[in-house]
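Each chain is listed here by its residues.
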Amino acid sequence: MDLGVRWKLHGDGRTPAPGAVVRPDERLSWPRTFGLGAQHVVAMFGASFVAPVLMGLDPNLAIMMSGVATVIFLLATRGRVPSYLGCSLSFVGVAAVIRAQGGSSATVTGAVLVVGAALFLVGLAVQRFGARIIHAAMPPIVTGAVVMLIGFNLAPVTASTYWPQDQWTALLVMLFTGLAVVCLRGFWSRIAIFLGLIFGYALSWLLDQVFGKIHSADGSGKVVDHWRLDLSAVGNADWIGLPSFHGPSFEWSAILVALPVVIALVAENAGHVKAVGEMTGDNLDDKLGTAISADGAASMLSTAVGGPPNTTYSENIGVMAATRVYSTAAYWAAAAFALLFGLCPKFGAVVAAIPGGVLGGITVILYGMIGLLGAQIWINAKVDLRNPLNLVPAAAGIIIGVGGVSLKITDNFELSGIALGTIVVITGYHVLRAFAPPHLKSQEPLLDSGTSTYDEKGESDSAK
């Protein structure tokens with residue numbers, strides 16, 4: 001059985017020839033391959049350790065399980081889809097809502113484990129029936145609206161939790177990160193979030209040295225005098241040790257809040273598989289279902305031991321586009337580095353010490369970018385918002401999701417925010433479509449440009 005773990009040496013193993021690419025089943029020399037693996041680790045760091053911090057989970061375990069998830073994904077796809085699986089930012093808002101309802105870390109991971117199981121089943125269905133089942137159930141107006149409300153639902157978290165801890169640091173970090181995203185080129189632009197964190201870390205330390213403690217809200221929300229950067233836990237942490245594990249806990253209210261994220265993950269995977277396919281020149285439509293299932297299985301394993309869910313990372317796809325090296329060997333090296341980092345508690349303590357003001361500046365941009373990915377889905381699919389069939393369910397669902405509107409069903413059960421907004425978008429679209437006049441339904445529903453072109457190619461090829 002070919003598991004995609006055998007690679008041919010590309011050329012002399014040093015530098016690809018002008019215009020040449022290193023394909024997934026090829027590799028450069030091992031020192032260069034490990035160097036590329038380290039580059040992939042740096043690219044995923046910014047989001048992959050911020051996400052578990054924002055979710056209240058162990059960053060060491062998150063990094064370790066991202067390495068495990070990447071291995072699972074590479075084996076499942078037989079090395080045909082070079083991708084790194086890092087902690088998914090789509091669940092940050094879900095975790096915030098669950099914790100606001102009194103949920104614990106176990107409740108968060110339990111809810112997300114169910115999402116991973118649902119994603120796994122969706123992948124199996126795509127393998128069996130083809131990508132059109134996704135297109136029919138979740139056209140771009142639906143996926144775009146759900147991604148948008150998930151991202152923008154996070155705005156109150158930044159405004160009320162992180163920004164007040166140190167508003168001036170937050171402002172400077174926001175400006176620095178924005179400049180890094182826009183002004184830097186290539187690889188450096190891809191790690192702008194990581195650079196923003198380093199800048200904020202250094203700035204907080206400098207402000208502590210110059211001005212002393214700050215009088216503001218701390219991580220618990222109490223207004224007290226405190227250091228912006230508290231490294232006391234770093235000195236007490238061991239260099240080598242296992243991260244903290246815990247089992248999941250299942251509550252229906254938390255599960256219903258988390259389930260809508262399945263839509264975002266399906267759209268994300270489809271887009272990433274399409275992007276990798278275009279870069280490598282391979283038709284990867286037959287691997288879409290496998291990629292989705294592998295993502296779901298990896299997330300189930302991670303959350304079963306207390307880690308966060310995972311998804312394919314566009315940051316690493318960007319590194320491949322910049323280097324033109326698509327070798328899966330580099331991703332195996334990256335996974336090995338991630339496992340080693342996960343075994344260093346001191347590293348986790350450094351991550352956990354990120355000042356709240358720094359997170360405030362980072363999340364202003366990060367959360368907004370997540371929300372605007374929904375708009376990008378609409379743009380790519382040429383969604384016509386002048387059509388009331390598209391406009392009405394999206395408008396209603398986004399306002400409900402972002403505004404935190406609630407619907408009380410019984411004394412002990414209510415739907416609100418992300419869950420209610422998603423239900424309104426999906427059911428609203430399909431119900432309205434059933435009653436809409438024919439001229440409003442002329443556009444065929446597609447998920448996005450991610451797999452529709454592959455389906456057309458596949459059909460034309462099979463017809464020959």
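Just above, that's the structure.
Only a predicted model underlies this, so the values are computations on that prediction, with no experimental measurement involved.

**Re the overall build of the protein**
In step 1: If you tally the helices and strands in the protein, you get 21 helices and 8 strands.
In step 2: Long-range pairs, those at least 24 residues apart, make up 78% of the contacts in the protein with a sequence separation of at least 6.
In step 3: For the protein, the exposed surface amounts to about 19700 Å²; the carbon and sulfur share of it is 65%.

**Some thoughts on the environment of Asn380**
In step 1: Tracing the backbone shows Asn380 in helix 18 (residues 356-381).
In step 2: Sequence separation between Asn380 and Pro140 is 240 residues; the distance between their C-alpha atoms is 8.9 Å.

**Overview of the pattern of salt bridges**
In step 1: Under the definition given, this model contains 5 salt bridges.
In step 2: Among the ionic pairs, Asp25 bridges to Lys8, the shortest N-O distance being 3.0 Å. Pair noted here: Asp25 is in the loop between strand 1 (8-9) and strand 2 (26-27) and Lys8 is in strand 1, with a separation of 17 residues, a long-range link.
In step 3: A salt bridge links Arg228 to Asp208; the shortest N-O distance between them is 3.0 Å. Here Arg228 is found in the loop between strand 5 (223-226) and helix 11 (232-236), whereas its partner Asp208 is found in helix 10 (residues 192-211), with 20 residues between them in sequence. Just as Arg228 is buried, Asp208 falls in that class too.
In step 4: In this structure, a network of salt bridges that share partners links the residues Asp166, Asp208 and Arg228.

**Details of the environment of Thr323**
In step 1: Checked against the element boundaries, Thr323 lands in helix 15 (residues 314-323).
In step 2: Spatially, the C-alpha atom of Thr323 lies 9.1 Å from that of Leu36, the residues being 287 residues apart in sequence.
In step 3: With residues up to four places along the chain from it excluded, the contact list for Thr323 reads Leu36 and Gln39.

**Let's talk about the nonpolar core**
In step 1: Formed by 96 residues in total, the largest nonpolar core has its most connected members in Phe49, Met55, Val92, Ile354, Tyr367 and Trp378.
In step 2: Considering every element that reaches this core, the biggest residue donor is helix 13 (residues 261-280), with 10 residues.
In step 3: If near-sequence neighbours (up to four positions away) are discounted, Tyr367 is found in contact with Leu54, Val92, Gly151, Leu154, Val157, Thr158 and Tyr162.

**As for the side chain of Ser88**
In step 1: As for its position among the elements, Ser88 is in the loop between strand 3 (85-87) and helix 3 (92-100).
In step 2: When residues no more than four places from it in sequence are discounted, the contact partners of Ser88 are Ala51, Met55, Leu265, Pro309, Asn310 and Thr311.

**Observations concerning the packing of aromatic side chains**
In step 1: If you walk through the whole model with that rule in mind, you get 4 aromatic pairs.
In step 2: One aromatic cluster is present, formed by Trp7, Trp30, Phe34 and Phe337 through successive ring pairs.
In step 3: For the cation-ring pair, Lys346 lies above Trp239, with the distance from its terminal atom to the ring centre recorded as 5.1 Å.

**Describing unusual backbone geometry**
In step 1: One non-glycine residue, Arg78, lies in the positive phi region at around 55 degrees.
In step 2: With respect to the element layout, Arg78 can be found in the loop between helix 2 (59-76) and strand 3.
In step 3: On the basis of relative accessibility, which here comes to 31%, the residue Arg78 falls in the partly exposed class.
In step 4: A positive phi angle, close to 55 degrees, is found at Lys382, a residue other than glycine.
In step 5: Within the secondary structure layout, Lys382 lies in the loop between helix 18 and helix 19 (388-403).
In step 6: Look at Lys382 and you get exposed, because its relative accessible area is 68%.

**Examining helix 14 (residues 288-304)**
In step 1: The end-to-end C-alpha separation of helix 14 is 24 Å, in line with the 24 Å expected for 17 residues at 1.5 Å each.
In step 2: Within helix 14, 13 of the 17 residues are buried, leaving the element largely enclosed by the surrounding structure.
In step 3: The positive-phi residue at the C-terminal boundary of helix 14 is Gly306, with phi of around 105 degrees.

**Looking at helix 7 (residues 155-162)**
In step 1: By the burial criterion, the buried members of helix 7 are Val157, Thr158 and Tyr162. Down the axis of helix 7, the buried side of the element spans an arc of 95 degrees, and every buried residue falls inside it. Seen from the buried face of helix 7, the exposed residues on the opposite side, beyond 90 degrees, are Ala159 and Ser160.

Criteria and cut-off values
- Residues numbered from 1 in each chain as written.
- Predicted model: local features only at pLDDT ≥ 70, side-chain atom pairs only at ≥ 80, totals over all residues.
- Heavy atoms only, no water.
- Helix = DSSP H or I, 4+ residues; strand = E, 2+ residues; numbered from the N terminus.
- Contact = heavy atoms within 4.5 Å.
- Areas by Shrake-Rupley, 256 points an atom, 1.4 Å probe, with all protein chains shown as cover.
- Salt bridge = Lys/Arg side-chain N within 4 Å of Asp/Glu carboxyl O.
- Buried < 20%, exposed > 50% of the residue type's maximum accessible area, 1.4 Å probe, protein only.
- Core = buried A, V, L, I, M, F, W, Y, C linked by side-chain atoms within 4.5 Å.
- Phe/Tyr/Trp six-rings, centres within 6.5 Å; stacked < 30°, edge-to-face > 60°.
- Lys NZ or Arg CZ within 6 Å of the ring centre and 35° of its normal.
- Expected span 1.5 Å × (residues − 1).
- Arc of directions from axis to C-beta.

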